[in-house]
Amino acid sequence: MVRAQLSKWALGEAVDDPGEVLLRLVTQSRMRVDAYSAELEKLVAESPTLRDALVGDAMGEFGKVGEYIRGLAQLESLERDRLATFASKAVQAGLGERQVRLAERQGELMAMVLTTVLDSAQLGLSAAQKSLMPGLMRETLVLAAAGELNAR
């Protein structure tokens, strides 16, 4: 029954935001670059020299090790280019500015919620207690930014 209602309202259909898709592609591409780079680093570290890694005649699981490393280096290079292209398109689309506006709006909403809660008659905070809040909030934000909030 729920599935039928979702289908009727078209809530089950995926509607992709182009900006969100582009950001996912940037993330996916960066993760691939990281994976290729880590594998290359590991393989080169296992060889006595970079030259040995690239032209070595050792036979491995995938054939000549040098061929595997060269192919992996090419994949990494292509993925880096792809990542730069995606990132450039994200900048051109103004996604960074969009994220800043969204973060600012979220901050404004959080401030509004906090102010409303602190002014609530249900809490019954005195004026002196309310006056302490900005300093405590600033201190807490500094600790959170430094990663020390959980240590308290």
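To be clear, the structure that these remarks concern was listed above.
In this report, the structure presented in the accompanying data block is examined. Keep in mind it's a predicted model, so treat the numbers as computed, not measured. (Residues numbered from 1 in each chain as written. Predicted model: local features only at pLDDT ≥ 70, side-chain atom pairs only at ≥ 80, totals over all residues. Heavy atoms only, no water.)

## Description of the overall build of the protein
Helices and strands together make up the secondary structure of the protein, namely six helices and two strands. When the helices and strands of the protein are placed in sequence order, the string is α-α-α-β-β-α-α-α. Evaluated residue by residue, the protein yields a buried proportion of 15% over its 152 residues. For the protein, the accessible surface area stands at approximately 11,900 Å², while carbon and sulfur atoms represent 59% of it. (Helix = DSSP H or I, 4+ residues; strand = E, 2+ residues; numbered from the N terminus. Buried < 20%, exposed > 50% of the residue type's maximum accessible area, 1.4 Å probe, protein only. Areas by Shrake-Rupley, 256 points an atom, 1.4 Å probe, with all protein chains shown as cover.)

## With respect to a nonpolar patch on the surface
Together, Met110, Val113, Leu114, Val117, Leu123 and Met137 make up a nonpolar patch on the protein surface, roughly 490 Å² of accessible area in all. In terms of residue count, the dominant contributor to the nonpolar patch is helix H5 (residues 95-118) (four residues). Within the element layout of this structure, Val113 appears in helix H5. Residue class for Val113 comes out partly exposed when judged on its relative accessible area of 45%. (Patch = residues over 30% accessible without salt bridge, like charges linked within 9 Å, V, L, I, M, F, W, Y side chains within 5 Å. Salt bridge = Lys/Arg side-chain N within 4 Å of Asp/Glu carboxyl O.)

## What about the pattern of salt bridges?
Considering all chains together, one arrives at eight salt bridges under this definition. Ionic pairing is found between Lys42 and Glu39, a salt bridge with its closest N-O pair at 3.9 Å. Here Lys42 pairs with Glu39, and both are found in helix H2 (residues 18-45), just three residues apart, close to one helical turn. Between Glu79 and Arg82 there is a salt bridge whose closest N-O contact spans 2.5 Å. Residue Glu79 and its partner Arg82 are both found in helix H4 (residues 65-92); the two are separated by three residues, about one turn of the helix. For Arg82, a relative accessible area of 38% gives the class partly exposed.

## Looking at helix H6 (residues 127-145)
For H6, which comprises 19 residues, the first-to-last C-alpha distance of 28 Å matches the rise-based estimate of 27 Å (1.5 Å per residue) to within 8%. At Met133, H6 is bent by approximately 30°, the largest bend along its length, and proline Pro134 sits one to four residues beyond. Positive backbone phi, approximately 75°, marks Gly147, located one or two places after H6. (Expected span 1.5 Å × (residues − 1). Bend = angle between axes of the 7 residues up to and from the residue.)

## Some thoughts on the nonpolar core
Core analysis: the largest hydrophobic core is formed by seven residues, namely Leu22, Val26, Val33, Leu83, Phe86, Ala90 and Leu95. Counting only elements with at least two residues in this core, the list comes to H2 and H4. Grouped together as the second largest cluster of nonpolar side chains are five residues, Leu40, Ala53, Ile69 and Leu72 included. (Core = buried A, V, L, I, M, F, W, Y, C linked by side-chain atoms within 4.5 Å.)

## Observations regarding the packing of H2 against H5
Put simply, H2 and H5 touch, their axes get as near as 11 Å, and they point 110° apart. With respect to H5, the axis of H2 lies roughly perpendicular. In contact with Gly19, Leu22 and Leu23 of H2, H5 contributes Leu95, Arg98 and Gln99. Of the residues belonging to the contact of H2 with H5, the class tally is three nonpolar, two polar and one charged. (Axes fitted to C-alpha atoms, helices over the stretch in contact; angles between N-to-C directions. Parallel < 35°, antiparallel > 145°, perpendicular 65-115°, else oblique. Contact = heavy atoms within 4.5 Å. Nonpolar A, V, L, I, M, F, W, Y, C, P; charged D, E, K, R; others polar.)

## Quick word on the side chain of Ser37
Along the chain, Ser37 turns up in helix H2. Every residue in contact with Ser37, bar those within four places of it in the chain, is listed here: Glu76 and Arg80.

## Observations regarding the environment of Val33
In this fold, Val33 is placed in helix H2. A sequence separation of 43 residues divides Val33 from Glu76, and the C-alpha atoms of the two residues are 5.6 Å apart. Each residue touching Val33, except ones within four places of it in the same chain, is listed here: Glu76, Glu79, Arg80 and Leu83.

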